[in-house]
Amino acid sequence: MSATAVREIEFRDALREAMSEEMRRDPKVFLLGEEVAEYDGAYKVSKGMLAEFGPRRIIDTPISENGFAGLGIGAAMMGLRPIVEFMSWSFSLVAADQILNNAPKMLYMSGGQFGCPIVFRGNDGAGGQLGSTHSWCVESLYANVPGLKMAIPSNPYDAKGLLKTAIRDADPVFFLESERMLSMKGEVPEEEYLIPFGQAAIRRTGEDCTIVSFGRPVHFAMEAAETLAAEDGIECEVIDGRTIRPLDLDTIVASVRKTNRCVVVDQSWSFASVGSEVAAQISEHCFDDLDNHVHRVHADDVPAPYASNLEQEMLPNPRKIRSAVLSACYRA
Amino acid sequence: MTKTIPTISSTSIRSHGGARASRSLPAGVPPDTIVKWFRDMLLIREFEVRTMQAYQEKKIGGFCHVYIGQEAVAVGCTAAIRPDDPMITAYRDHGHALARGMSSRHCMAEMFGKIGGCAKGKGGSMHMFDRANNLFGGHGIVGAQTAVGTGLAFATKYEDEVINGGRSDRVTLCFLGDGALNQGVLHEAMNLAGLFDLPVIFVVENNGYSMGTAIERGTTMAHDLSVKAAAYGFDAIEVDGMDLIAVYEDMKAFCDSCRAASRPGFVDMKTYRYKGHSMSDPRKYRTREEEEHFESGDPIGKLRDVLLSAGVLDEAAVAAMQKEVRAEVKDALQWSEESPAPGIDELYHDVYVERWGPYTGTSLPEMLREEKR
Ligand SMILES: Cc1ncc(C[n+]2csc(CCOP(=O)(O)OP(=O)(O)O)c2C)c(N)n1
Ligand SMILES: [Mg+2]
């Protein structure tokens, strides 16, 4: 048994393994960001990497997101493979011009001459009472832009496999982690593996209602699904999108055609969001299959508050998801 | 007699331009090379005059900024570096593209929005890219290219030293307008370049104006921009950008030293744009008198005089060369006219390198396919 036992590691270890393995494989890969080297990473994701790779490849930057994001873009245009860490995606807003105007459009603007193989990664979403400037869920804001890809893992296994794919991808990838999941443990095999983009994972099968989610709220969806099964006799199929661009619409559509009901759970605000996009796509592709309109669970349409009770209420949570499923199933 | 230049009051601006003689021919440069630079300047001037016409004829759309008056800067700076040194600039970029070696056909066709353009007609006037000639754009957001240019220098150094285990041996020229001096990103980029010892030279094409804002109305210490570089711990020089030989000599020495030391540099390149900011600028913010002052020190006329008096060229040769560049630009216009508009399928091409969903991958423009042959 122990020979086949899969080891468990933390989400942050999975991220580090992905980066370290890719850096060993390809000298063009390097890591750049605030506190990534001597401090071992603000969240210890890059712990020990300075010792292994040295300061030429694990590079501490000053607090200049726009500057170092742009620096990474220039390096990527030259064919290097930068990994740019944002301490939080909240801070990427000051680099918006570089990450939205330059990285995703360089290939197009140059008529195919200069691509931008870069990974921007960091914590996304509420970290826990950080208030409104530090709790951004950038997925809806950024997923709107063509030319970039976006991955949002929900567990250590996916974090590693998706990050390795991101680093090898020829296009810019926005990689959204979550501070609240960094210590989460999960099974990650020793052997190398990659997870292709655009392939959702079905976390739980069920016949009554599909729940589509991305990143951390996948866990809330799973919790809600268990309660719904135990207390309401409703079996949910939970789909973890894993990447937002590309979006695995096929898996979602196949599931909704089976369950005829759908709830989309997206931790960002509802207006013009990933959730509204997924709901629109489902309505378009499954119009005749739906027994009810697509329900959505989002963060409340207010700035993120500090007080713990308010923050908990604002974010998607199992209770909200359960009531959305009950409503979608006409059981509310 | 001292002449007062109205509107621009700063001594930094008044100290250049006007009918001052050119420096004499640089030692050690073959006369043919200097004649080539002269021809490049003539070509850019002619190209830009025709660009303005084509714009008026509505063959060119969007924003379009011509380089007339500033020719010595792109030509002299290109002459001062090696072909494998990266270059990046802002949106006033036709001169850099031509100086770096892009053919006038591909440059003009880009503005015509044709498939034969350097970016297949997807970039336009502000986005001249030429991979074969190490020109990394053409960038439309004021100042944005300064961080990217810093990254180009990071990459040359990383390749030379970390990947190849040798010495950093390339220098990046990153051009910006004087208006970009006031963008935060420049200051982040300069700090990073200073910290990381990156061989990037920030060349401020200081033409005295950002649109209608005279430099001292928007920039502190406009009379001594070297303090900007001092704040980040690197060297600055001031160059007479209206004199090709001065640009070449001063930039050559500066590039050589930044290359050898693998250090950033900063250049206050004093120049002047003769025309409006873009095609729709009546230039009410400055006087005709001021414009005449600078026109009287035209960089092309200056170099012509030196070449004539040194006997490198005679009047007939100059006239023949003028005829030649006229024909070249005429051909570029004709070629651009005939180049097809991009097919509608180009919309979904070059969005991603990899194919997925509606996206059809990427391919090099005709310009680079030709050069590969
Ligand atoms: C971030 C940003 N703000 C404003 C503009 C509009 N704009 C285009 S050019 C320009 C003036 C820039 O002047 P300068 O940097 O001196 O360059 P020059 O036109 O003289 O070559 C402005 C304000 C822009 N392109 N980008
Ligand atoms: Mg200017």
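Along each chain, residue indices are assigned from 1 in the same order as the chain's sequence is written. Chains carry letters from A onward and ligands carry numbers from 1 onward, assigned in written order. The predicted nature of this model means local features are confined to residues of pLDDT at least 70 and side-chain atom pairs, given and counted, to a pLDDT of 80 or more, with totals for whole chains, interfaces and linings taken over all residues. Only hydrogens and water are set aside when side-chain values are computed; all heavy atoms of the structure are taken into account.

**Student:** With reference to specific residues and values, describe the pairing of strand E13 (residues 262–265) of chain A.
**Tutor:** Residue and element names in this part refer to chain A. Burial status follows relative accessibility: with a 1.4 Å probe on protein chains alone, a residue under 20% of its type maximum counts as buried, one over 50% as exposed, and anything between as partly exposed. Secondary structure elements follow DSSP: runs of H or I no shorter than four residues count as helices, runs of E no shorter than two count as strands, and numbering proceeds from the N terminus. Every second residue of E13 is oriented toward a common face, with Cys262 and Val264 on one face and Val263 and Val265 on the other, all of them buried. What makes two strands pair is DSSP finding at least two bridges between them. Alignment of strand E10 (residues 209–213) against E13, held across four bridges, turns out to be parallel. Note that in E13 the partner of threonine 210 across the bridge is cysteine 262. Across three bridges, E13 lies against strand E14 (residues 295–297) in parallel orientation. Counterpart to valine 264 in the pairing with E14 is arginine 296.

**Student:** Report on the side chain of Thr259(A), specifying residues and quantitative values.
**Tutor:** Residues and elements named next belong to chain A. Assignment of secondary structure puts threonine 259 in helix H9 (residues 249–259). Overall, threonine 259 belongs to the buried group, its relative accessible area being 2%. Each polar contact in these results corresponds to two N or O atoms within 3.5 Å; when the atoms are within protein, one needs to be able to donate a hydrogen and the other to accept it, and residues that are neighboring in sequence are counted only if both atoms are side-chain atoms. For threonine 259, the side chain forms a polar contact with the side chain of threonine 210, separated by 2.7 Å. In this analysis, two residues are considered to be in contact whenever any of their non-hydrogen atoms come within 4.5 Å of each other. Among all residues touching threonine 259, those that are not within four sequence positions of it are Gly206, Glu207, Asp208, Cys209 and Thr210.

**Student:** Which residues make up the pattern of salt bridges, and what are the values?
**Tutor:** The working definition used for a salt bridge is a side-chain nitrogen of Lys or Arg within 4 Å of a carboxyl oxygen of Asp or Glu. For the structure shown, the criterion picks out 59 salt bridges over all chains. For Asp250(B), the salt bridge goes to Arg23(B), with nearest N and O atoms at 2.9 Å. Residue Asp250(B) is found in helix H10 (residues 244–261), and its partner Arg23(B) is found in the loop between helix H1 (11–14) and helix H2 (31–56); the two are separated by 227 residues along the sequence. Among the ionic pairs, Arg45(B) bridges to Asp298(B), the shortest N-O distance being 2.7 Å. Taken as a pair, Arg45(B) in helix H2 and Asp298(B) in the loop between helix H11 (288–295) and helix H12 (299–309) lie far apart in primary sequence, 253 residues in all. Three or more residues are tied together by salt bridges with common partners; here these are Arg7(A), Glu17(A), Glu21(A), Glu22(A), Arg25(A), Lys160(A), Lys164(A), Arg168(A), Glu190(A) and Glu192(A).

**Student:** Residue-level account of the nonpolar core, with values.
**Tutor:** Nine residue types can take part in a nonpolar core, namely buried Ala, Val, Leu, Ile, Met, Phe, Trp, Tyr and Cys, and a core is a set of them joined through side-chain atoms within 4.5 Å. The biggest cluster of nonpolar side chains holds 81 residues, and the ones touching the most others in it are Ile99(A), Phe120(A), Phe174(A), Ile282(A) and Phe202(B). If one sorts the elements of this core by residue count, helix H3 (residues 65–77) of chain A sits on top with seven residues. Source of the domain bounds: an automatic or database domain assignment. Domain assignment of the residues forming this core places at least three in each of domain 1 (8–187) and domain 2 (201–328) of chain A. Aside from chain neighbours lying at most four places away, what touches Ile99(A) is Ala69(A), Ile73(A), Phe86(A), Trp89(A), Ser92(A), Pro104(A), Phe120(A), Tyr142(A) and Phe174(A). One finds Trp37(B), Leu42(B), Leu244(B) and Cys258(B) within the second-largest nonpolar core, a separate group that totals 73 residues.

**Student:** Give a detailed account of the site of ligand 1, specifying residues and quantitative values.
**Tutor:** Residue and element names in this part refer to chain B. Around ligand 1, the structure places 15 residues, and the nearest of them are Tyr91, Arg92, Gly140, Gly179 and Asn207. Within the side chain of tyrosine 91, one N or O atom sits 2.7 Å away from an oxygen atom of ligand 1. The protein chains hide 71% of the 590 Å² of surface that ligand 1 would expose on its own. Only heavy atoms are used to decide nearness, and a residue is near a molecule or strand if one of them lies within 4 Å of it. Under the convention used here, a 1.4 Å probe and the Shrake-Rupley method define accessible areas, while residue burial counts only the protein chains that appear.

**Student:** How would you summarise the interface of chain A and chain B if you had to cite specific residues and measurements?
**Tutor:** Contact residues are listed per partner, giving 46 residues for chain A and 53 residues for chain B. Approximately 3,900 Å² of surface area, both sides summed, lies buried where chain A meets chain B, with 67% of it carried by carbon and sulfur atoms. By the criterion of area lost to chain B, the three top residues of chain A are Met78(A), Tyr108(A) and Gln113(A), representing 21% of everything that side buries. Where chain A touches chain B, the interface holds two salt bridges. Summed over both partners, the accessible surface that disappears when two parts come together, traced with a 1.4 Å probe, is what is meant by buried area.

**Student:** Outline a nonpolar patch on the surface, listing residues and values.
**Tutor:** A patch is a set of surface residues, each over 30% in relative accessible area and not in a salt bridge, joined within 9 Å for like charges and within 5 Å for the nonpolar side chains Val, Leu, Ile, Met, Phe, Trp and Tyr. Residues Ile344(B), Leu347(B) and Tyr348(B) make up a contiguous nonpolar surface patch of about 340 Å² in total accessible area. Since its relative accessible area comes to 70%, Ile344(B) is described here as exposed.

**Student:** Could you give an account of the coordination of the magnesium ion (ligand 2), with specific residues and numbers?
**Tutor:** Residues and elements named next belong to chain B. Bound to the magnesium ion (ligand 2) on the protein side are Asp178 (OD), Asn207 (OD1) and Tyr209 (O), at distances that span 2.1 Å. Sodium, potassium and calcium take a 3.2 Å donor cutoff, other metals 2.8 Å, and in both cases only N, O and S atoms count; water is not among them, so sites may look incomplete. Each donor residue of the magnesium ion (ligand 2) lies on one chain, and together they are spaced D-x28-N-x1-Y. With aspartate 178 in the loop between strand E2 (172–177) and helix H7 (184–195) and asparagine 207 in the loop between strand E3 (200–206) and strand E4 (209–210), this residue pair connects regions lying 29 residues apart in the sequence. The residues aspartate 178 and asparagine 207 share a single accessibility class, namely buried.

**Student:** Outline the sheet that holds strand E12 (residues 243–245) of chain A, supporting the account with residue identities and numerical values.
**Tutor:** Residue and element names in this part refer to chain A. Here seven strands make up an open sheet; going across it, the order is E3-E2-E4-E5-E7-E6-E12 and the pairing mixed. With partners counted over all chains shown, the strands left at the sheet margins are strand E3 (58–60) and E12, one partner each. Averaged over neighbouring strand pairs, the angle between their axes works out to 20° when direction is ignored. In this structure, strand E6 (residues 149–151) lies alongside strand E7 (residues 173–177), joined through three bridges in parallel fashion. Across the sheet, lysine 149 pairs through a bridge with valine 173, a residue of E7. Every axis in this analysis is a line fitted to C-alpha atoms, fitted for helices over the stretch in contact. Angles between the N-to-C directions lie between 0 and 180 degrees. Its contacts with the sheet put helix H1 (residues 11–25) on strand E2 (29–33), E3, strand E4 (81–88), strand E5 (119–123) and E7, and the angle it makes with E2 is roughly 135°.

**Student:** Got a sec to walk through the domain arrangement of chain A? Specific residues and values, please.
**Tutor:** Residue and element names in this part refer to chain A. Splitting chain A by domain gives domain 1 (8–187) and domain 2 (201–328). A separation of 26 Å is found between the C-alpha centroids of domain 1 and domain 2. Each partner contributes residues to the interface: domain 1 has 31 residues there, and domain 2 has 26 residues. When the two sides are added together, the surface that domain 1 and domain 2 hide from each other amounts to roughly 2,200 Å², 56% of it contributed by carbon and sulfur. A per-residue breakdown of the area domain 1 buries against domain 2 is headed by Gln129, Ser140 and Ile152, which together make up 27% of the total. In this structure, arginine 203 engages aspartate 158 in a salt bridge whose closest nitrogen and oxygen atoms are separated by 2.5 Å. On inspection of domain 1 and its partner domain 2, the count reaches 16 residue pairs in polar contact (both at pLDDT 80 or more).

**Student:** Describe in detail the sheet that holds E2(B), supporting the description with residues and values.
**Tutor:** Residues and elements named next belong to chain B. Ordered by their spatial adjacency, five strands build an open sheet running E1-E2-E3-E7-E6, and the pairing between neighbours is parallel. Looking at which strands have only one partner, the edges of the open sheet turn out to be strand E1 (87–88) and strand E6 (235–240). The sheet strands contacting H7 are E2, E3 and strand E7 (265–270), and the helix crosses E3 at an angle near 145°.

**Student:** If you had to explain the environment of Asn123(A) to someone new, which residues and values would you point to?
**Tutor:** All names here are of chain A. Considering the arrangement of structural elements, one finds asparagine 123 in strand E5. Between the C-alpha atoms of asparagine 123 and tryptophan 89, which are 34 residues apart in sequence, the distance is 5.7 Å. Once residues lying within four places of it in the same chain are set aside, the contact partners of asparagine 123 are Tyr43, Phe86, Met87, Ser88, Trp89, Ser90, Glu177, Ser178, Glu179 and Leu182. In terms of polar contacts, asparagine 123 uses its side chain to reach the backbone carbonyl oxygen of methionine 87, at 3.5 Å.

**Student:** Tell me about the pairing of E6(B), residues and numbers included.
**Tutor:** Residues and elements named next belong to chain B. As judged from the six bridges shared by E6 and E7, these two strands associate in the parallel manner. Note that in E7 the partner of aspartate 240 across the bridge is lysine 270. Viewed with both strands pointing away, a crossover whose connecting path from the first strand over the helix to the second turns clockwise is right-handed. Read as a crossover between parallel neighbours, the route from E6 over H10 to E7 is right-handed.

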